[in-house]
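Residues per chain are reported as follows:
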Amino acid sequence: MDLKTYLAEYFPNLTLQPPLFYKWDVAIRFELGNPLMFGINKEQYMERVYYRSLQLFKALHDQEDEVLLITQAYFADKSEHKVKKLNLYSKYIKKQEPIRSLRFEILPDLDYEPTELPDPKDNMYRYWTKCRIEDLKFSQLIKAICNHDVGIKPMITHRVYFINISNSTFAPRISS
C-alpha cells in the first residue's frame, strides 16, 4: 500500500503536520487531563491521561482493524545514514512482519521560505507500516506518547499517527 495514494484518496489535501485538528473539516478534541491537577498530584494526573487516551483509542479501533502506524521524526543532530532505522517499532509491535515491511521516506523541510534554500538538517523522516491493532502493544505505545509532554520515561518524542484502514478514520498524535 502506498501511503501517499491512500492519503490522497481518503484525506485529500491533508498534510500530516500539527495542528491537524484545525486542518480538517471534521475533528473532535478531548481534554485528557485536568491541568489544575498536574501541579497537585502528577501521578494521579497522568493516570487520568492514560485512562482517557486508552479509552479513546479503544473506541476508535477494534482488535481486528488494520491500521497504518506512521511516525514522523526530525533528526537535526544526526547524519542521514544514522537515521534509516527507527527502533520505536520493535518495542511496540508484537509480530515481525510489520517491522520487516517498514517503509521509510525523507520529506524536505516544509517550513522554509521560498527565498531560502532548504536545510537538509530540517528534513522530516517518515516511517510507516501496516498492522492490526491486535499486533500492537498499544497500551504501552499510548502511554509513551503521553509521557512526552511531561518528560516521563519511557517517552516517544516523535509524531505518531494511526490511520484506521478498516474504517478510514484518523487518530493524530495524542498529547496531554
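Residues numbered from 1 in each chain as written. Predicted model: local features only at pLDDT ≥ 70, side-chain atom pairs only at ≥ 80, totals over all residues. Heavy atoms only, no water.

S.K.: Explain the environment of I165 residue by residue, including any values.
M.R.: Mapped onto the elements of the fold, I165 is located in the loop between strand 4 (159-164) and strand 5 (169-171). Excluding residues within four positions of it along the chain, I165 makes contact with M1, Y6, E66, V67, L68 and K130. (Helix = DSSP H or I, 4+ residues; strand = E, 2+ residues; numbered from the N terminus. Contact = heavy atoms within 4.5 Å.)

S.K.: Let's hear about the side chain of Q72: which residues, and what values?
M.R.: Tracing the sequence through the fold places Q72 in strand 1 (residues 66-74). At 2.8 Å, the side chain of Q72 and the backbone oxygen of L16 are in polar contact. A polar side-chain atom of Q72 sits 2.8 Å from a polar atom in the side chain of R126. Look past the residues within four positions of Q72 in its chain and what remains in contact with it is L16, M124, Y125, R126, H158, R159 and Y161. (Polar contact = N/O pair within 3.5 Å; in protein donor to acceptor, adjacent residues only side chain to side chain.)

S.K.: Can you explain the nonpolar core? Please cite residues and give values.
M.R.: Side chains of a nonpolar character, in soluble globular proteins, are inclined to be buried together. Membership of the largest hydrophobic core comes to 32 residues, with the highest contact counts inside it found for M46, L69, L136, L141, I156, V160 and F162. Listing elements by their share of this core, those giving two or more residues are helix 3 (42-60), strand 1, helix 4 (88-92), strand 3 (124-132), helix 6 (138-147) and strand 4. If we ignore the near neighbours within four places in the chain, the residues touching L141 are L69, L88, Y92, I156 and F162. Counting 13 residues, the second-largest nonpolar core is a separate cluster that includes Y6, F11, L20 and I70. (Core = buried A, V, L, I, M, F, W, Y, C linked by side-chain atoms within 4.5 Å. Buried < 20%, exposed > 50% of the residue type's maximum accessible area, 1.4 Å probe, protein only.)

S.K.: Lay out the environment of D62 in plain terms, naming residues and giving numbers.
M.R.: By the element assignment, D62 lies in the loop between helix 3 and strand 1. The class for D62 is partly exposed, based on a relative accessible area of 47%. It is 10.0 Å that separates the C-alpha atoms of D62 and N167, two residues lying 105 residues apart in sequence.

S.K.: Lay out the packing of aromatic side chains in plain terms, naming residues and giving numbers.
M.R.: Under the counting rule described, the total for this entry stands at 5 aromatic pairs. A ring pair is formed by F57 and F162, whose centres lie 5.0 Å apart and whose planes are at 75°; its orientation type is edge-to-face. With a gap of 105 residues between them, F57 in helix 3 and F162 in strand 4 connect regions that are remote in the sequence. There is no split in this pair, since F57 and F162 are both buried. Ring centres of F104 and Y125 lie 6.0 Å apart, and the angle between their planes is 20°; on these two criteria the pair is classed as stacked. Of this pair, F104 sits in strand 2 (residues 103-107) while Y125 is found in strand 3, placing the two residues 21 residues apart along the sequence. You can call F104 partly exposed: its relative accessible area is 27%. (Phe/Tyr/Trp six-rings, centres within 6.5 Å; stacked < 30°, edge-to-face > 60°.)

Spatial relationships are all this shows, so hold off on functional conclusions.
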